[in-house]
Protein chains: 2
Amino acid sequence: MIKYPNGKVYIPPKRDLTSENKPVKNIFNAANRGMGLEEDINLSNEYYNNLGLCLIYKRPTPVRIVKCDYSSSRKITEAYFSEKSTTDYNGVYKGRYMDFEAKETESKTSFSYHNIRPQQIIHLKSVIKQNGIAFFIVRMKYYSETYLLKCEDLFAYMELNSRKSLPYSFLKEKGYLIKEGYSPRLEYLSAVDRAFFN
Amino acid sequence: MIKYPNGKVYIPPKRDLTSENKPVKNIFNAANRGMGLEEDINLSNEYYNNLGLCLIYKRPTPVRIVKCDYSSSRKITEAYFSEKSTTDYNGVYKGRYMDFEAKETESKTSFSYHNIRPQQIIHLKSVIKQNGIAFFIVRMKYYSETYLLKCEDLFAYMELNSRKSLPYSFLKEKGYLIKEGYSPRLEYLSAVDRAFFN
């Protein structure tokens, strides 16, 4: 049994896989929920990486490969998604290691811990221990607001409160609002500066 | 056309995919060549990560997923290997970002550039630019020796010499010999200390 720092038991999110005609990218609810934000971050990373401001990549989806097609050099015919034990993004900024996860929610009032896996919390705590930079990018879709939230702040709140979600008011108070624009879509490095380099 | 820093044109390694009965792990010659070393590094990382000495992970193999089996939540039925544009390993050590690639060779005399992709060189140069730690772990199987080679040293040599490989003598002179043992199999962090923290 896996538990959150506040003692709550982790229950994996249910997946809706009944429809046979769903397009591939809709297979996993949990993954799909973050699609718009993910794309914004990927484009911002491309912009930042090209300018040489940082070097951040999305980690490839972990896949266990079982069978390949021997007539083709690159085709895989049987594979399985593995459980992700780390986060979506990592890399280097101003010489420091940076590691973060992106999540978005439709809720008006809070950001649920539901989609944060306990393994990710363990991983992000190790990042902090190694003096790396660890945070979440949380988008509150209802308000069209995207925040950087330091893991230190999130974990401290989680440990002191038995809630299953982080209230929006906490995000507003402790989070760093990320300016959105055209290029980069998300000026998240400036939020990183305010949060970690001040 | 992709070129190495010394102007040599990059020709992707040929793959032998003719036999229909090869086990999965033998499909790709180039990938397979590094299997023993990779396992040693993975086990060493596990050891180091568990002790909290660093946080280094192997990047998952990048795969483009095309079709999934809708009756199972985790099965992929069609996917393709994507070209790797980064390295095998990255993470954080003593607060600094660390990024490296592992290679082994049977040769007695040199380490061929053949399996280093130009994109990987671009990536590792960006790591250096961001003040990260970048290196290769090179195993000379004939001598049962494993070296850490700083990317700065490798790239400087590549740019000054038109050879297609790095001579063993250069590895012995500029590389940092990695002590091998039982646990960790490769004491590569002590070589990192000597190479980057002295």
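About the criteria used
- Residues numbered from 1 in each chain as written.
- Chains lettered and ligands numbered in written order.
- Predicted model: local features only at pLDDT ≥ 70, side-chain atom pairs only at ≥ 80, totals over all residues.
- Heavy atoms only, no water.
- UniProt positions renumbered as here; feature names shortened; annotations may be inferred.
- Buried < 20%, exposed > 50% of the residue type's maximum accessible area, 1.4 Å probe, protein only.
- Helix = DSSP H or I, 4+ residues; strand = E, 2+ residues; numbered from the N terminus.
- Contact = heavy atoms within 4.5 Å.
- Least-squares fit on C-alpha atoms with pLDDT ≥ 70 in both.
- Core = buried A, V, L, I, M, F, W, Y, C linked by side-chain atoms within 4.5 Å.
- Pairing = 2+ DSSP bridges.
- Axes fitted to C-alpha atoms, helices over the stretch in contact; angles between N-to-C directions.
- Polar contact = N/O pair within 3.5 Å; in protein donor to acceptor, adjacent residues only side chain to side chain.

Looking at an unreviewed UniProt entry, one finds chain A named Holliday junction resolvase RecU, with Candidatus Scatoplasma merdavium as its source organism. Within the UniProt record for chain A, the comment given under Catalytic activity (unreviewed entry) is "Endonucleolytic cleavage at a junction such as a reciprocal single-stranded crossover between two homologous DNA duplexes (Holliday junction)." Per UniProt, chain A carries the Subcellular location (unreviewed entry) text "Cytoplasm".

Since one α-helical turn is 3.6 residues long, residues separated by three or four positions face the same way. For helix α4 (residues 151-160) of chain B, every residue scored as buried is listed here: C151(B), D153(B), L154(B), F155(B), Y157(B) and M158(B). Residues of α4(B) that are buried sit in contact with α3 (118-129), β7 (133-140), β8 (145-150), β9 (165-167) and α5 (168-174) of chain B.

Between the two copies, chain B and chain A, the superposition gives an RMSD of 0.0 Å; the rotation angle is 180 degrees and the shift along the axis is 0.0 Å. Taken together, the rotation and translation describe the operation of a two-fold axis. A shared interface surface links the copies, since 100% of the contact residues of chain B are contact residues in chain A too.

A word on the nonpolar core. Y113(A), L154(A), L166(A), Y113(B), L154(B) and L166(B) are the most contacted members of the largest nonpolar core, which totals 50 residues. Leave out the neighbours within four places in its chain, and L154(B) touches Y113(B), I116(B), F136(B), L149(B) and L166(B).

The subject of this paragraph is the sheet that holds strand β3 (residues 75-81) of chain B. Taken in spatial order, the 4 strands of this open sheet run β2(A)-β3(A)-β3(B)-β2(B), and their pairing is antiparallel. Taken across any chain shown, the strands that pair with only one partner, and hence form the sheet edges, are β2 (63-68) of chain A together with β2 (63-68) of chain B. The sheet shows a mean angle of 40 degrees between the axes of neighbouring strands, direction not considered. Pairing of β2(A) with strand β3 (residues 75-81) of chain A involves 5 bridges; the strand directions are antiparallel. Bridge pairing links I65(A) to A79(A) in β3(A).

On to the UniProt feature "site: Transition state stabilizer" (unreviewed entry) in chain A, then. All names here are of chain A. What UniProt calls "site: Transition state stabilizer" (unreviewed entry) maps, in this numbering, to K103. Note on placement: K103 falls in strand β5 (residues 96-105). Sequence-distant contacts of K103, defined by excluding residues within four places in its chain, comprise L37, F111, N115, F136, I137, V138 and R139. A distance of 3.3 Å separates a polar atom in the side chain of K103 from a polar atom in the side chain of E101.

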